[in-house]
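# Chain and residue survey
Residues per chain are reported as follows:
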Amino acid sequence: MTIRIMGTGSYLPENIVTNDDLARIMDTSDEWIASRTGIRARHLVKEETTAQMSAEAAKKALDEAGMKAEDLDLIIVGTLSGDYVTPSTACEVQAILGAEKAVAFDINAACSGFMFAMNTAYAYIHSGIYQNALVIGAETLSKLMDWNDRSTCVLFGDGAGAAVVRADKTGLIHFTQGADGSKGMVLSCRGRMNNNPLVKNFVKPDYVSMDGQEVYKFAVSTVPASIQKVLEEADLEVTDIKYFLLHQANIRIIQSVAKRLKADMNKFPTTLEHCGNISAGSVPILLDEVHKKGMLQRGDKLVMAGFGAGLTWSAAVMEW
Ligand code: ACO
């Protein structure tokens, strides 16, 4: 028994901030950002929260799946930017949807978060514990950015994507996932410092910091290797895959992966032009956009891949 995606949904905040908008408030340009990353705009929240965006995406996925919130056994949200330390975003989503029966928890695997959440749902469903799961990737990254640091804040955006998965005979064929905590500091954001009476740290909140070149090196080696591994395990070739849905960090990373796999760039749809990098939200938002454009037929084979902070990575091959 495996999992099949029965419905998808996504939510992007109303406010669109273009590269030119950013150039009016900091020393940057559309040319610098677009030529190095492919990003031209991003959606940033004004009022929306991570949980609200997740719930909106989830409602669309449930509608398409023809399921009610009460049918859900499990809700997993991949996020590193929940609204609260506790409760989890998944518990907030459970309450908004009224999914009373569902077990709910978050996974923090940064840009691999949706993939790790989906793989976890697979493990529960494959083992027969649960039948129906809601898997979400959602971020409000704009609150974790130092808006005085042009090298990071221009890259990221906010949004949420969701998929409803159900026990089925076909669907997810194989996945691989991994982590390398020894390189964690190349992309980091420190949590709250201890401020108990013994320690007395009065350090200001931290923001995302990144060694972009190290992240680039990690991505262009690990992503093609993990895709090749999962294809081998599934006994499939690159040519069998209709689309490669990669985490949307940077067009140059995607081009390099395509080159290493000897695959045409037409097989790598993107959202980064209008979304920027939404970490755990990237892959499910891309999946929803590709699906809603009518680009997928039942039986198509897809690869989805996430990679990012931790460091973490995951690739999965599935039959649509
Ligand atoms: N606008 C204008 N100039 C800028 C900006 C900006 N937004 N940001 C940095 N610069 C300047 C720097 O100050 C520096 O100037 P200097 O030479 O006078 O000191 C110059 O541009 C080069 O800066 P670098 O940080 O070295 O830029 P680099 O060429 O490495 O490009 C980038 C940065 C695009 C992030 C690149 O490292 C990259 O592609 N990294 C891949 C990783 C990535 O995309 N990470 C995103 C998130 S991680 C993830 O999702 C897995």
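Owing to the predicted nature of the structure, the values given are computational and were not obtained by experimental measurement.

A word on the site of the ligand. Thr28, Arg150, His247, Asn250 and Asn277 are the nearest of the 24 residues found near the ligand. In the environment of the ligand, a nitrogen atom lies 2.7 Å from a nitrogen or oxygen atom belonging to the side chain of Thr28. A distance of 2.8 Å is found between an oxygen atom of the ligand and a side-chain nitrogen or oxygen belonging to His247. Isolated, the ligand exposes 1000 Å² of accessible area, and the fraction of that covered by the protein chains is 72%. The cavity where the ligand resides is the second largest pocket. A total of 4 residues in the shell around the ligand trace back to one element, the largest contributor, which is helix H7 (residues 212-233).

Turning our eyes to something else, we now look at the packing of H7 against helix H8 (residues 251-261). When two helices pack together, their arrangement is captured by the angle between the axes and the distance separating the axes. Relative orientation of the contacting elements H7 and H8 amounts to 40°, with a least axis distance of 9 Å. Considering the angle they form, H7 stands oblique to H8. As for how H7 packs across H8, the hand of that crossing is right-handed. Residues Tyr216, Ala219, Val220, Ser221, Val223, Pro224, Ile227 and Gln228 of H7 touch H8, and the partners they reach there are Arg252, Ile253, Ser256, Val257, Arg260 and Leu261. Residues belonging to the contact of H7 with H8 are distributed by class as follows: 9 nonpolar, 3 polar and 2 charged.

Below, the discussion takes up helix H2 (residues 30-37). Among all positions of H2, only Ile33, Ala34 and Thr37 are buried. An end-on view of H2 places all buried positions within 95° of arc, on one side of the element. Lining the buried residues of H2 we find helix H1 (19-23), strand E3 (41-43), H8 and helix H9 (272-275).

A few words now on the packing of helix H3 (residues 50-65) against helix H4 (residues 89-97). Closest axis-to-axis distance for the H3/H4 pair is 9 Å, and the angle between their directions is 55°. By the angle between their directions, the pair H3 and H4 is classed as oblique. With respect to the hand of their crossing, H3 and H4 are arranged in right-handed fashion. On the side of H3, the interface is formed by Thr50, Ala51, Gln52, Ser54, Ala55, Ala58, Lys59 and Leu62, while H4 contributes Thr89, Glu92, Val93, Ile96 and Leu97. The residue makeup of the contact of H3 with H4, split by class, is 7 nonpolar, 4 polar and 2 charged.

What follows covers the environment of Val93. Locating Val93 in the fold gives a position in helix H4. Given a relative accessible area of 0%, Val93 falls into the buried group. With 23 residues separating them along the chain, Val93 and Glu70 place their C-alpha atoms 13 Å apart. The residues touching Val93, leaving out its near neighbours within four places in the chain, are Ala51, Ser54, Ala55, Ile75, Val77, Leu134 and Ile136.

A separate point is the sheet that holds strand E5 (residues 103-107). Pairing in this open sheet of 5 strands is mixed, and the strands run E1-E7-E6-E4-E5 from one edge to the other. Among the strands making up the open sheet, the edge pair consists of strand E1 (2-11) and E5. Pairwise comparison of adjacent strand axes, ignoring direction, gives a mean angle of 20° for this sheet. Across 5 bridges, strand E4 (residues 74-78) lies against strand E6 (residues 132-140) in parallel orientation. Across the sheet, the residue bridging to Val77 is Ile136, located in E6. The sheet contacts of helix H5 (residues 113-126) involve E1, E4, E5, E6 and strand E7 (158-168), and relative to E6 the element is tilted by about 165°.

Attention now moves to the pairing of strand E12 (residues 301-308). Buried residues dominate E12, accounting for 7 of its 8 residues. Pairing between strand E11 (residues 243-246) and E12: 4 bridges, direction parallel. For Leu245, the partnering residue across the bridge sits in E12 and is Met304. Bridge count for E12 against strand E13 (residues 312-319) is 8 bridges, and the pairing is antiparallel. Bridged to Gly306 within E13 is Ser314.

This paragraph deals with the packing of aromatic side chains. The tally for this structure, following the rule as stated, stands at 5 aromatic pairs. Between Phe105 and Tyr124, the ring centres sit 6.4 Å apart and the planes meet at 55°, which makes this aromatic pair tilted. Of this pair, Phe105 sits in strand E5 while Tyr124 sits in helix H5, and the two are 19 residues apart along the sequence. Here Phe105 falls in the partly exposed class, since its relative accessible area comes to 23%. Sitting over the face of the ring of Trp320, Arg298 holds its NZ or CZ atom 5.0 Å from the ring centroid.

Attention shifts here to the domain arrangement of the chain. Partitioning the chain into domains gives domain 1 (2-170) and domain 2 (174-319). A straight line from the C-alpha centre of domain 1 to that of domain 2 covers 14 Å. If you look at the interface, domain 1 gives 51 residues, while domain 2 gives 45 residues. Both sides together, the interface formed by domain 1 and domain 2 hides about 3700 Å², and carbon and sulfur atoms give 63% of it. Interface area lost by domain 1 to domain 2 is led by Cys111, Met115 and Asn119, which between them contribute 16%.

What counts, and where the lines are drawn
- Residues numbered from 1 in each chain as written.
- Predicted model: local features only at pLDDT ≥ 70, side-chain atom pairs only at ≥ 80, totals over all residues.
- Heavy atoms only, no water.
- Near = heavy atom within 4 Å.
- Polar contact = N/O pair within 3.5 Å; in protein donor to acceptor, adjacent residues only side chain to side chain.
- Areas by Shrake-Rupley, 256 points an atom, 1.4 Å probe, with all protein chains shown as cover.
- 1 Å grid on protein atoms, 1.4 Å probe; cavity = no way out; pocket = protein on both sides within 12 Å on 5 of 7 lines; lining within 4 Å.
- Sits in = over half its atoms within 2 Å of the grid points.
- Helix = DSSP H or I, 4+ residues; strand = E, 2+ residues; numbered from the N terminus.
- Axes fitted to C-alpha atoms, helices over the stretch in contact; angles between N-to-C directions.
- Parallel < 35°, antiparallel > 145°, perpendicular 65-115°, else oblique.
- Left-handed = near helix turned anticlockwise from the far one by under 90°.
- Contact = heavy atoms within 4.5 Å.
- Nonpolar A, V, L, I, M, F, W, Y, C, P; charged D, E, K, R; others polar.
- Buried < 20%, exposed > 50% of the residue type's maximum accessible area, 1.4 Å probe, protein only.
- Arc of directions from axis to C-beta.
- Pairing = 2+ DSSP bridges.
- Phe/Tyr/Trp six-rings, centres within 6.5 Å; stacked < 30°, edge-to-face > 60°.
- Lys NZ or Arg CZ within 6 Å of the ring centre and 35° of its normal.
- Domains from an automatic or database assignment.
- Buried area = accessible area lost by both parts, 1.4 Å probe.

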